[in-house]
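# Fold and geometry: a report
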Amino acid sequence: MGVTNNRIGKNISEIENPKSELKMTRLSVNINKIATLRNSRGGNNPDLVQVAKDCERFGAQGITVHPRPDERHIRYNDVFELKKIVTTEFNIEGNCREQKFIDLVLANKPEQVTLVPDVLGQITSNHGWDTIENEVYLTDMIKVFQSVGIRVSIFVDPVAKMVEGAAKTGTDRIELYTEAYAHHYPNGKEQAIAPYIAAAEVAQKCGLGINAGHDLDLNNLKYFAEKIPGLLEVSIGHALISDALYYGLENTIQLYLRQLAI
C-alpha cells in the first residue's frame, strides 16, 4: 500500500509507476539535528521517536539517521527504537570501518544502508569514497549487507571515474555528495549542476540507482531534482530542520515535497 501525501495527491506506488505523469524523488528526512537538540539538555525533549512518526505523518517518505562513535546526536539505542516504528524507508548512514556500526546495521536490517567514509571527530561528512582505491574493501562490505537483504548506497563525489568505480563494487546505489553544488549554486547554477548531471548519466549507464544529499535546501533543491536524471531519493536534515524553526515541521516537509514534484 502506498503512503498518501494528500496535498500533492499522489502516493508512493504512483510515484514509482513509470506511467505516472508526475516524476517525484523521495524525501528522506535526516533527524540527527533533533537528537542534537535533545542531547544538549538531557532527558527526552524533543522526543526523537515521536518526531520520526510525525515526519512520516507529514509526508516524508523515509527517515535517515547517521550515528557516530561519540553518539553526539543519534545514539545507537535510538536506532533500535526507531526501527520499531518507522513505516516508510529506514536509511542508516555511517562509516562501515567501525565494527559497532556494522553490528548495528545488521541487527536492525534497515531498507537501506549508506556507507560514508567519515573520519573520527568529523563534524559532518565532507567527501565521498575513493572507489578505485577502496574497491576490494567496499566490494566485501557491500556483500555483507546485501546478504541479509539490505540495499546499499555509497557516498561519492560527482566524478565519473568514482561512479564507474562504485559500479564495480556491486553497490545498488550511489549517493551524490552535493555540498559543492550547494556552494556554487548562487554564483551560477548551470556550472554548479554540470558535474552532477555527468555523474548521474554515468551512473545510469552503469545501472546504479541515484540518491543525493548534503546542503540541499529550499533554494537549490528544485533545480537539482529537475536536472538530475534518475534521481530516486534525497536525504535532507540540517536545512530542513532549520527551516522548521520558522515554518513548522509539517509545513516545511510539504514545502520540500513540492520542490521534488517535477
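Here the residue numbers are simple positions, counted from 1 along each chain's written sequence. Under the rules for a predicted model, residues below a pLDDT of 70 receive no local features and side-chain atom pairs below 80 are neither given nor counted, while totals for whole chains, interfaces and linings still include all residues. Each side-chain value is derived from all of the structure's non-hydrogen atoms; neither hydrogens nor water enter the calculation.

So, about the nonpolar core. Within the largest apolar cluster, 73 residues are counted, with the highest numbers of intra-cluster contacts made by Leu27, Ile31, Leu115, Phe145 and Ile154. Contacts between residues were defined by any pair of non-hydrogen atoms, one from each residue, lying within 4.5 Å. When sequence neighbours within four positions are dropped, the list of residues in contact with Leu27 reads Ala60, Gln61, Gly62, Val234, Ile236, Leu240, Ile253, Tyr256, Leu257 and Leu260. Remark: nonpolar core denotes a set of buried residues (Ala, Val, Leu, Ile, Met, Phe, Trp, Tyr, Cys) joined through side-chain atoms within 4.5 Å. A simple rule labels every residue: compare its accessible area, found with a 1.4 Å probe on the protein chains alone, to the largest value its type can have, and call it buried under 20%, exposed over 50%, or partly exposed in between.

Along the chain, the position of Ala60 falls in the loop between helix H3 (48-57) and strand S4 (62-65). Taking the C-alpha atoms as reference, Ala60 lies 9.4 Å from Glu89; in sequence the two are 29 residues apart. Every residue in contact with Ala60, bar those within four places of it in the chain, is listed here: Leu27, Val29, Cys55, Thr88 and Ile253. Each helix is a run of DSSP H or I of at least 4 residues and each strand a run of E of at least 2, with the numbering of both proceeding from the N terminus.

All right, on to the packing of helix H7 (residues 160-169) against helix H9 (residues 189-205) then. Here, axes are lines fitted to C-alpha atoms. For helices the fit covers the stretch in contact, and angles between N-to-C directions go from 0 to 180 degrees. Relative to each other, H7 and H9 sit at 25°, their axes nearing to 9 Å. The angle between H7 and H9 places the two elements in the roughly parallel class. Every pair of crossing elements has a handedness; the one defined by H7 and H9 is right-handed. Between H7 and H9, the residues in contact are Ala160, Val163 and Glu164 and Ala199, Val202 and Ala203, respectively. Three residue categories are used. Nonpolar comprises Ala, Val, Leu, Ile, Met, Phe, Trp, Tyr, Cys and Pro, charged comprises Asp, Glu, Lys and Arg, and polar comprises the others, including Gly. In the contact of H7 with H9, the residues fall into 5 nonpolar, no polar and 1 charged. Here the word oblique covers every angle except those under 35 degrees (roughly parallel), over 145 (roughly antiparallel) and from 65 to 115 (roughly perpendicular). By definition, turning the near helix anticlockwise from the far helix through less than a right angle yields a left-handed crossing, and turning it clockwise yields a right-handed one.

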